[in-house]
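# Secondary and tertiary structure notes
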Amino acid sequence: MTFCRTLANLLLTGTIALASTAHAAGITVHDARNRDVAVADFARTVSIGGAITEILYALGLESRLVGVDTTSLYPAAALHDKPNVGYMRQISAEGVLGLNPTLILAIQGSGPRETMDLLETAKVPLVLVPETFSEEGLIEKIKLVGHAMGVDARAECLATAVATDLAQLRALRAKVTKPVRVMFVMSLLNGRAMVAGHKTAADEIIQLAGATNAVEDYDGYKNIGDEAIVAAKPDVVLSIERGKDSLQADAVYAHPGFALTPVAASKSFITMDGLYLLGFGPRTAAAARDLSVKLYPAMAEGGAFTSALSAANCRQ
């Protein structure tokens, strides 16, 4: 009962706060739910999704942030300086509304559904940012976030810098003559590998790096057995760094499925920071370039990748 009364008060507070600033900004955002969301005030924004937070910092909008989620690992100041509302798929409505936000930016896939429904009930503008794993999707994500925050010119600056980096990456990728087969392994539990199929961030970053996803027959993430691993013939296993829970190279090489693939023969195992590799934020082109160099060491000698992002000043 106490929780319900508290949440009810927060919902009422959020509604009153929104009414007091109505039409201050006059912005309409078409979001991932195919809805038009009216944004009246972005002075107190909660960001749910590491890529969104990274974009907001790149646009110089950190002073408007009153809360972030646990995936907001870059820059490090985000989680250090801002209140934490929890993991993006396990968000508490009370935790978000307790920050008295005037705008909530949440990456598509945030949840649970009950929480998202409660946040909508609060009448605080909730913009669900599309998560499309592609070059075009990344550019549109930046522009949408910038528009929701009323800084279209800054967002255009950032989008242009990222597009320039992606163009450099395409030129680098064009030099690949024999793409290697990469299998992204999220986890290896009880002898079962959870791997990435198509329509995933891992699949797209593998392609951006000039390689081929060794998992060809399905979309999303799936546990596969030894026979499927052997049939996929991966040249490289790719994974993300997760502290003490990180997948270890020795575990891969000793696995009965991977032991019969080129991965074990060549000892080809790569790990990278999860948000950097899979976040699809402003640094994605640089992450794909770094992965490409790991996959094709000769690429490092083919000319420097000079990020336009590092030279751009899109914060004002």
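Please read these numbers as outputs of a predicted model, since none were measured by experiment.

### Notes on the sheet that holds strand β3 (residues 45–48)
Ordered in space as β4-β3-β5-β6, the four strands form an open sheet in which the pairing is parallel. The open sheet is flanked by β4 (65–68) and β6 (126–129), the only strands paired with a single partner. On average, each strand axis in the sheet is tilted by 20 degrees relative to the strand beside it, whichever way the strands run. With four bridges connecting them, strand β5 (residues 103–107) and β6 associate as parallel partners. The residue of β6 that forms the bridge with L105 is V127.

### A look at the pairing of β6
Side chains of β6 alternate between two faces, with L126 and L128 and V127 and V129 buried alike. Each parallel crossover has a hand, and the one from β5 via helix α5 (residues 113–121) to β6 is right-handed.

### Quick word on the pairing of strand β8 (residues 192–196)
The sheet contact formed by strand β7 (residues 181–189) and β8 spans four bridges and is antiparallel. Following the sheet pairing, V185 is matched in β8 by V195. Note: β8 against strand β10 (residues 221–224), four bridges, orientation antiparallel. Its bridge partner being in β10, A193 is matched across the sheet by I224.

### What about the pattern of salt bridges?
Throughout the structure, instances matching the rule amount to 14 salt bridges. With a shortest N-O distance of 2.6 Å, E120 and R35 are connected by a salt bridge. Taken together, the positions of E120 in helix α5 and R35 in the loop between β1 (27–30) and β2 (36–39) put the pair 85 residues apart, joining distant regions of the chain. By relative accessible area, E120 is classed as partly exposed at 29%. Between D219 and K199 there is a salt bridge; the shortest N-O distance is 3.7 Å. Of the two residues, D219 is situated in the loop between β9 (212–213) and β10 and K199 in the loop between β8 and α8 (201–208); the sequence distance between them amounts to 20 residues. A relative accessible area of 45% means that D219 is categorised as partly exposed. Under the relative-accessibility criterion, K199 is labelled exposed at 68%. Three or more residues joined by partner-sharing salt bridges are found here, namely D31, R33, R35 and E120.

### What about the packing of aromatic side chains?
Taken as a whole, this structure holds two aromatic pairs when the rule is applied. Relative to Y221, the ring of F184 lies with its centre 6.4 Å away and its plane at 70 degrees, an arrangement referred to as edge-to-face. Here Y221 lies in strand β10 and F184 lies in strand β7, a separation of 37 residues in the sequence. Among the residues examined, F184 registers a relative accessible area of 0% and is labelled buried. K267 extends its terminal NZ or CZ atom over the ring of Y253, reaching a point 5.1 Å from the ring centre. The ring of Y74 has R283 sitting right over it, with the charged end atom 3.6 Å from the ring centre.

### Comments concerning the environment of F269
Here F269 lies in strand β12 (residues 269–273). Under the relative-accessibility criterion, F269 is labelled buried at 18%. Once residues within four sequence positions are removed from consideration, F269 is found in contact with V237, S239, L247, Q248, A249, V252 and Y253.

### A short note on the packing of helix α7 (residues 152–173) against helix α13 (residues 284–295)
One way to put it is that α7 packs onto α13 with a least axis distance of 9 Å and a crossing angle of 20 degrees. Classed by the angle they form, the pair α7 and α13 counts as roughly parallel. The handedness of the crossing between α7 and α13 is left-handed. Contact with α7, carried on its side by D165, L166, L169 and L172, involves A285, A288, R289 and S292 of α13 and no other residues of that element.

### What to know about unusual backbone geometry
Residues Y74 and P75 are joined by a peptide bond in cis, for which omega reads -10 degrees. Topologically, P75 is positioned in the loop between β4 and α3 (77–81). Positioned with a positive phi, K233 is a non-glycine residue whose angle comes to about 50 degrees. Tracing the backbone through its elements, the reader meets K233 in the loop between α9 (226–232) and β11 (236–241).

### A closer look at the confidence of the model for the chain
Mean pLDDT for the chain: 91, with 91% of residues reaching 70 or above. Segment residues 1–24 is flagged for pLDDT under 50; beyond a separation of four residues in sequence, or across chains, it makes 27 contacts in the model.

### Let's talk about the environment of T115
Relative to the elements of secondary structure, T115 occurs in helix α5. Along the chain, T115 and V215 lie 100 residues apart, while their C-alpha atoms are 34 Å from each other. When neighbours within four sequence positions are excluded, T115 is seen to be in contact with I91, S92 and A93. Polar contacts involving the side chain of T115 include one to the main-chain carbonyl oxygen of I91, which spans 2.7 Å.

About the cut-offs
- Residues numbered from 1 in each chain as written.
- Predicted model: local features only at pLDDT ≥ 70, side-chain atom pairs only at ≥ 80, totals over all residues.
- Heavy atoms only, no water.
- Pairing = 2+ DSSP bridges.
- Helix = DSSP H or I, 4+ residues; strand = E, 2+ residues; numbered from the N terminus.
- Axes fitted to C-alpha atoms, helices over the stretch in contact; angles between N-to-C directions.
- Buried < 20%, exposed > 50% of the residue type's maximum accessible area, 1.4 Å probe, protein only.
- Right-handed = clockwise from strand over helix to strand, strands pointing away.
- Salt bridge = Lys/Arg side-chain N within 4 Å of Asp/Glu carboxyl O.
- Phe/Tyr/Trp six-rings, centres within 6.5 Å; stacked < 30°, edge-to-face > 60°.
- Lys NZ or Arg CZ within 6 Å of the ring centre and 35° of its normal.
- Contact = heavy atoms within 4.5 Å.
- Parallel < 35°, antiparallel > 145°, perpendicular 65-115°, else oblique.
- Left-handed = near helix turned anticlockwise from the far one by under 90°.
- pLDDT = per-residue confidence, 0-100.
- Polar contact = N/O pair within 3.5 Å; in protein donor to acceptor, adjacent residues only side chain to side chain.

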